[in-house]
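A closer look at the structure
Each chain, letter by letter, is given below.
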Amino acid sequence: MRKKLLALGLVATMVVGMTACGTSTENEKDSTSASTGSETLKIIATPAPASCSQVAVADALGYFDEEGVNVEISYVTNLSDMASIIAGGGCDAAFNSYYTVMTWIDSGLDVKIIAANNDMGGTQAAAIRSDIDITCPQDLEKCVLGLVPGAEVNVAIQQMCDEYGVDFDAIEKVEIQPADQLSAFEAGDIDIIACWEPWLTKAESMGGRFLLSGNKADIAGIPEDVDWLTLYETTVCPTSSIETKSEELAKMLKAVERAEEYINTNRDEAVKIVAKVCDSDEEEIASIMEKNDYCWGVNDNYRETMTNLTSFMYGHEIIKNDIQFDDVHDFSILKNALPDYYTMTE
């Protein structure tokens, strides 16, 4: 039996950076899986394109069934709820950002990353009020910045400040959740909204203009193409599931890889599937998915960029422990199931 469950949490109880694109309506749907003879994998993801696209497409197109694995999928909006589900043994595989996973591991969650799904750095961004004139990066010190504590986009902002001599501490900051950021932005109480999609697109529709993301900038004195945040969405599993359900996880990875190929070759149809899961407008979802780089697999760039991100998180005291790359990854299942998608130098 394959179940699709929706667990709604309050976005306001943000503990770590969230990538969710919006809330979903409560829904429970049961359908019978064609696969038999294998244990059920419990999968969780957030209802956001970066997190749920491959899972949603694989489920809708029957790829899990075709690969012979039973799955039970839960779309969980609140990331603290997701961590609790994993800690309580209610999950075999979760889809979330590397940044978030590092905060989980830093807090003692016994999980490891088994695959990298896509680079979502372009969806972590900031928009500024159109009536504010920025003639150089230092002008940002005069602005009021709305931000979510622990959010991934904060890394991009801090990287920009470090690189261009902007005093991050001089910027007035208001710690506020995305929906409230949008209201404050519209009211003129904050000058910059910093979070993730779809809030950035909504802010721009209110008259704001794009300021920066993990890989782009529109700031006088700064090139358009930047490298402030490469952020992979990952497949993460409890170590117990890696040990006891390796065959099922291998089949799941094969289904997810097929879904990624479909996303890259049949984007319009994929958008329809993902928009339904996210309970969002198709045009909005298409715009967000366009900013994601669906580049499934693990290579040397993944190791280098995620090692650098971990070092940044440790250096800025986002995490307390100096986490080592090899200690939080286990690519044995990926290498056996899909060797062509593991090209990292040993």
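Residues numbered from 1 in each chain as written. Predicted model: local features only at pLDDT ≥ 70, side-chain atom pairs only at ≥ 80, totals over all residues. Heavy atoms only, no water.

**Comments concerning helix α9 (residues 246–265)**
Each turn of an α-helix holds 3.6 residues, which means side chains three or four residues apart point in the same direction. Counted only if it meets this: Secondary structure elements follow DSSP: runs of H or I of four or more residues count as helices, runs of E of two or more count as strands, with numbering from the N terminus. In this analysis, the expected span of each helix is defined as 1.5 Å times one less than the number of residues it contains. For each residue, the accessible area found with a 1.4 Å probe, counting protein chains only, is set against the maximum for its type, and the residue is called buried under 20%, exposed over 50%, and partly exposed in between.
The terminal C-alpha atoms of α9, which comprises 20 residues, lie 29 Å apart, in line with the 28 Å expected from a rise of 1.5 Å per residue. Listing the buried residues of α9 in full gives Glu248, Leu249, Ala250, Met252, Leu253, Ala255, Val256, Glu257, Ala259, Glu260, Tyr262 and Ile263.

**Examining the packing of aromatic side chains**
Stated formally: Side-chain rings of Phe, Tyr and Trp (the six-membered ring for Trp) are treated as a pair once their centres are within 6.5 Å; stacked means planes under 30 degrees apart, edge-to-face means over 60, and tilted covers the remaining angles. Charge-over-ring contacts are defined here by two conditions on Lys NZ or Arg CZ: a distance within 6 Å of the ring centre and an angle within 35 degrees of the ring normal.
Tallied over the entire structure, the rule returns eight aromatic pairs. Look at Tyr98 and Tyr302: their rings are 6.2 Å apart centre to centre, the planes differ by 85°, and that puts the pair in the edge-to-face class. Taken together, the positions of Tyr98 in helix α4 (residues 98–106) and Tyr302 in helix α12 (residues 300–315) put the pair 204 residues apart, joining distant regions of the chain. One exposure class covers both Tyr98 and Tyr302, and it is buried. Ring geometry for Trp296 against Tyr341: centres 5.5 Å apart, planes inclined by 75°, an arrangement best described as edge-to-face. Of this pair, Trp296 sits in the loop between α11 (282–291) and α12 while Tyr341 is found in the segment after α13 (332–337), placing the two residues 45 residues apart along the sequence. Put simply, the rings of Tyr98, Tyr232, Tyr302, Phe325, Phe331 and Tyr342 pair up and form one aromatic cluster. Over the aromatic face of Tyr342 sits the side chain of Lys335, whose NZ or CZ is 5.0 Å from the ring centroid.

**Topic: the pairing of strand β7 (residues 124–129)**
The test is simple: Pairs of strands are assigned from DSSP output, requiring at least two bridges between the strands.
The buried count for β7 comes to five of six residues, which makes it a mostly enclosed element. Across five bridges, the pairing between β7 and strand β10 (residues 192–196) is antiparallel. When the sheet's bridge partners are listed, Ile128 is paired in β10 with Ile192.

**Description of the packing of helix α1 (residues 49–60) against α9**
What counts, and what does not: Helix axes are fitted only over the stretch in contact, all axes being lines through C-alpha atoms; the angle between N-to-C directions runs from 0 to 180 degrees. With respect to orientation, any angle under 35 degrees is reported as roughly parallel, any angle over 145 as roughly antiparallel, any angle of 65 to 115 as roughly perpendicular, and every other angle as oblique. By definition, residues are in contact when any of their heavy atoms lie within 4.5 Å.
The contact between α1 and α9 brings their axes to 8 Å, and the two run at 100°. Regarding the angle of α1 to α9, the classification is roughly perpendicular. Residues Ser53, Gln54, Val57 and Ala58 of α1 form the contact with α9, whose participating residues are Ala255, Val256, Ala259, Glu260, Tyr262 and Ile263.

**So, empty space enclosed by the protein**
Note the following rule: In this analysis a 1.4 Å probe is tested at points of a 1 Å grid over the protein atoms alone, and where it fits but cannot get out there is a cavity; an open set with protein on both sides within 12 Å along at least five of seven lines is a pocket; lining residues have an atom within 4 Å of a point. Grid points are joined across faces, edges and corners, and a volume is the space filled by probe spheres set on the points. Following the grouping adopted for this structure description, the nonpolar residues are Ala, Val, Leu, Ile, Met, Phe, Trp, Tyr, Cys and Pro, the charged ones are Asp, Glu, Lys and Arg, and the polar ones are all others, Gly among them.
Using the criterion set out here, one finds two cavities of 30 Å³ or more in the structure. Of the volumes computed, that of the largest cavity is approximately 70 Å³. Forming the boundary of the largest cavity are Ala126, Leu140, Leu145, Ile157, Met160, Ile171, Ile192, Leu211 and Leu212. Each residue belonging to the lining of the largest cavity can be placed in one class, and the counts come to nine nonpolar, no polar and no charged.

**Concerning the sheet that holds strand β8 (residues 144–147)**
The mixed open sheet is built from five strands, whose spatial order is β9-β8-β10-β7-β11. The open sheet terminates on both sides in strands that have one partner only, identified here as β9 (172–175) and β11 (208–213). Put simply, the sheet's adjacent strands are angled 25° from each other on average, direction ignored. Where β7 meets β11, five bridges bridge the pair, whose relative direction is antiparallel. Pairing of Arg129 across the sheet is with Gly208, part of β11. The strands touched by helix α5 (residues 153–164) are β7, β8, β10 and β11; relative to β11, the strand with the most contacts, the crossing angle is about 80°. Sitting on the sheet, helix α6 (residues 178–187) touches β7, β8, β10 and β11, and the angle it makes with β10 is about 155°.

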